[in-house]
Amino acid sequence: MTFQKIQNQAKSEWETLQNNTYILIGTATCGKAAGALATLEALEKELSRQNVDAKIIQVGCMGLCYAEPLVTISKPDSFRVVYHNVTPELVPRLIEGYIMGDDPCLELALGTLEGGEEEAPYIPELSRFEHELRLVLHRCGYIDPANINHYIANGGYSSLGKALKMQPEEIIEKVKNSGLRGRGGAGFPTGQKWEFCHKAEGEPKYVVCNADEGDPGAFMDRVVLESDPQQVIEGMIIGGYAVSARQGYIYVRAEYPLAIERLEIALKQAEELGLLGDNIFGSGFSFHIELAMGAGAFVSGEETALMAAVEGEMSTPRPRPPYPAQAGLWGKPTLLNNVKTFANIPLIIERGADWFSSIGTEGSKGTAVFTLAGKVNNAGLAEVPMGKTLRELLYDIAGGIPKGKSFKAVQIGGPSGGCLPESLLDTPLDYDSLREAGSMLGSGGMIAMDEDNCMVDVARFFLDFTTKESCGKCTPCRLGTLQMLHILEDITVGKAEAKDLDLLIELAEDVKAGSLCALGGTAPNPVLTTMKYFRGEYEAHILEKRCPAKVCPELTAYYILPDKCERSCEHCVLTCPTEAVKGEKGEIKVIDQEKCVNCGTCMDVCPPEYNAVIKLSPITQLPPEDLAAKERGIAQQVA
Amino acid sequence: MIGTKETEQLIETLSSYSKERKNLVPLLQEVQAKLGYLATEAMREIASFLAIPEVEVYGVATFYNQFRFVPLGKHHARVCMGTACHLARGKLILEALERELGIKVGETSEDGGFSLERVACVGCCMLAPVMIIGDEIHPKMTPFKVEEDLIPYKQEFQEESSSEEQAGEH
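Each value, and the rule that gives it
Residues numbered from 1 in each chain as written. Chains lettered and ligands numbered in written order. Predicted model: local features only at pLDDT ≥ 70, side-chain atom pairs only at ≥ 80, totals over all residues. Pairing = 2+ DSSP bridges. Helix = DSSP H or I, 4+ residues; strand = E, 2+ residues; numbered from the N terminus. Axes fitted to C-alpha atoms, helices over the stretch in contact; angles between N-to-C directions. Buried ≥ 20, exposed ≤ 12 C-beta atoms within 10 Å, placed from the backbone. Arc of directions from axis to C-beta. Contact = placed C-beta atoms within 7 Å. Core = buried A, V, L, I, M, F, W, Y, C linked by C-beta atoms within 7 Å.

Enquirer: Hey, could you run me through the sheet that holds strand β7 (residues 247–253) of chain A in this one?
Expert: Hydrogen bonding along the main chain pairs the strands of a sheet, whether they run parallel or antiparallel. All names here are of chain A. In spatial order, the strands read β8-β7-β6-β9; together these four strands make up an open sheet with parallel pairing. Edge strands, defined here as strands with exactly one partner in the open sheet, are β8 (288–294) and β9 (334–338). The mean inter-strand angle of the sheet, taken between neighbouring strand axes irrespective of direction, is 20 degrees. Of the pairings in the sheet, the one linking β7 to β8 comprises seven bridges and is parallel in character. Bridging from a neighbouring strand, V252 pairs with M293 of β8.

Given below as structure tokens:
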């Protein structure tokens, strides 16, 4: 079949769909977690109960995670409406209202996809979308990821057709001129990498897609693979053609079962249409892709460790050079790029290098995809032109900090990145500005923190992660990070001395300089940035045994103010998981500090009109008997 | 020790792979998916199938977080320890599960009812903190909710074991 025919077929299938009423429901991992499957079941039941014929299509994620489950109703003669937080109870109302009738139920809608309705906002005009530019995400949530025709009908695979008519050198030139840099985090110029691999001697060559998204708090690659996997496959085939490789691998983490399932379907469908396999479009070029499943090792995201993993070895890195482009998989030249890097390729081929390089900043072209989580109102995904500021992302897109709390820091780039304070909120988000601030773009995972988060605890958390994930091959990373962790633990329990801070910095610099790969090389970043921007918090822990955010359990105690306790209410007594709150009905409630595990349940359940539970730090603010009990409790935990 | 049924499954799995070194991790993954864990005998079989030293199989298996060497409980509980969950006090959820189940992280309860594991980010950051039991994600957890959410699983396990006991008596 020629591509023209394939495209016509896909377009007619898409048009038929648009001429009918259909329902989209987001069932990516985040949608599922929010209860989308129960909503899906309710939709199916209600449609059959009402005997209504409307197709339900499971789609990926629109990036509006805070509003899941999301349901879109599309009618041929009317505007499309997106409904948010759709529980099964709302389903009959939607079906009777908009599918069977003409009431668009705008009171349940997030907005419409066609403009003109006064009651509901036009979604592309929601204030967050004014700041966004969706290129890689633009089909996510609107097409069926398990139907290649949806991708083709919306522009997919035409770039491959174009690319196969070009010389490999022309493609590489185009990628170089676009200014695209690796989206995995380090930001190496993609075109240059392609050129190295193209020129490298050795046969066969390989293409590898790094889908081992390991940063805790980053999930954009998962969303891309679950929502629109074909664009990644198309980018890989073009990459294969440009460097003359015939075999590709997608290394995807086993923790992403849905992404794996949708990739398997996508690969099979591409093969069936002859877009992947032997003699693609009669060009004489053949390319095959296999999935390789990661088995859970953070270090596998490092390129040389990833290749060891594909080969079935322990996933440990090796020194570079030689770079993968020269000697990669099984010692052969290998083109290795991240999911989003490959996803950008069809766009560059289609719309040109000049168009692409007109987006972004001087040194960072195109868009960046961020996941926004932690203490923000509208958690989710955003794709913005490089160079937007942190402030725009956190406030205009993610809706700011909830519950009227004050912003403290934002952590970017996971365990390799850093924590940036309020004073740096106007930092433009691009590779170079972030590196200058001591962080990195990394995977693009962004976690906001407020006044209730302790920065020493955050640094300790990341170091705990890196020590567990260090592969153990080189000493600075294996032992250096562990020593750093020990110091941080001492600080959080109030056992550190002032001189430990200097030692911590010294160790951090050594680990940074001496580690074999980027895991160790960047592991100290969370410590160095928190010490640089929040040194006062470290000093309070050490000198005053006080945790300013009242988080560290050894330095913080929960206490019920006797004169505020209402006595007749028993919320705290009944919900305390360790039965640490004592007091009969009508008596003042007291926390047994020895049994208390600092979970804060009592504080959460104490009715706001009483507000009797407070946190104290340092713990010496407790009355003497309580303090003695607290100290016994800490001693028991240590034992 | 693994039984005859498991041995058959193992042989069947091995026969669907070619004897290439790159198949080691996929083999370990499939064997674990079928048996629920990597039994010592299974790893020995894989070593001899791929003609590589046993220690290499064990080395690779212990390197990756995904592999387990003890059977899981009937209900496998995982607690997310990603950044967002940590900030939302995910550690308290883990501690609450340890208390409620009477086991530590990485252990399986003696009656085989529950096992507990910590995982690094399942990508549901906006629902933090989360725990996952079986395939079910429990969002926005609190220590109190852990107690509540565990009740149906505990009941189910108790009912099953008592009906098995009865079946055994007959």
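Enquirer: Can you help me understand helix α4 (residues 54–63) of chain B in this one?
Expert: Since the α-helix advances by 3.6 residues per turn, residues separated by three or four positions end up pointing in the same direction. All names here are of chain B. Here α4 has its buried residues at V57, V60, A61 and F63. The buried residues of α4 occupy one face: seen down the axis, they fall within an arc of 165 degrees. Summarising the geometry of α4, the exposed residues directed more than 90 degrees from the buried face are V55 and G59. Considering only its buried residues, α4 is in contact with α2 (24–35) and α3 (40–50).

Enquirer: Would you explain the pairing of strand β1 (residues 22–26) of chain A in this entry?
Expert: Two faces make up the sheet, and in a regular strand the side chains alternate between them. Residues and elements named next belong to chain A. With four of its five residues buried, β1 lies for the most part within the structure. Pairing of β1 with strand β2 (residues 55–59) involves five bridges; the strand directions are parallel. Bridging across to β2, L24 finds its partner in I57. Across four bridges, the pairing between β1 and strand β3 (residues 71–74) is antiparallel. Looking at β3, one finds that Y22 is bridged to S74.

Enquirer: Just checking my understanding: could you explain the nonpolar core for this structure?
Expert: In a soluble, globular protein the nonpolar side chains are often hidden away together inside. Within the largest apolar cluster, 246 residues are counted, with the highest numbers of intra-cluster contacts made by A:V208, A:Y251, A:L372, A:L393, A:V410, B:L97 and B:V130. The residues touching A:V208, leaving out its near neighbours within four places in the chain, are A:G248, A:Y249, A:Y251, A:L306, A:M307, A:V310, A:L329, A:T334 and A:L336.

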